[in-house]
Amino acid sequence: MTITGKVVWTKNQIISKEGFLSKEITWDGKDDFGNKIGKGIYV
């Protein structure tokens, strides 16, 4: 999401209920439509 709340990329992932899970998330800087987006702050 941008700092204004616009969704730019969605990551769907199944998380196990047992224990703690920590995995690195990589992102290629493209939105859900495959368009490259500019530099900025994303949450």
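Each remark here, short or long, concerns the structure printed above.
Please read these numbers as outputs of a predicted model, since none were measured by experiment.

Student: Provide a residue-level description of the side chain of Asp 31, including the pertinent values.
Tutor: We note that Asp 31 is buried and unpaired, the nearest opposite charge coming from Lys 6 at a distance of 6.4 Å. A polar contact is formed between the side chain of Asp 31 and the backbone nitrogen of Phe 33, at a distance of 2.9 Å. Not counting chain neighbours up to four residues away, the residues in contact with Asp 31 comprise Val 8 and Ile 37.

Student: Give a detailed account of a nonpolar patch on the surface, specifying residues and quantitative values.
Tutor: Taken together, the side chains of Met 1, Ile 3, Val 7, Ile 41 and Val 43 make up a nonpolar region of the molecular surface, amounting to roughly 560 Å² of accessible area. The exposure class assigned to Met 1 is partly exposed, which follows from its relative accessible area of 41%.

Reading the values: the criteria
Residues numbered from 1 in each chain as written. Predicted model: local features only at pLDDT ≥ 70, side-chain atom pairs only at ≥ 80, totals over all residues. Heavy atoms only, no water. Buried < 20%, exposed > 50% of the residue type's maximum accessible area, 1.4 Å probe, protein only. Lys, Arg positive; Asp, Glu negative; His and termini not counted. Salt bridge = Lys/Arg side-chain N within 4 Å of Asp/Glu carboxyl O. Polar contact = N/O pair within 3.5 Å; in protein donor to acceptor, adjacent residues only side chain to side chain. Contact = heavy atoms within 4.5 Å. Patch = residues over 30% accessible without salt bridge, like charges linked within 9 Å, V, L, I, M, F, W, Y side chains within 5 Å. Areas by Shrake-Rupley, 256 points an atom, 1.4 Å probe, with all protein chains shown as cover.

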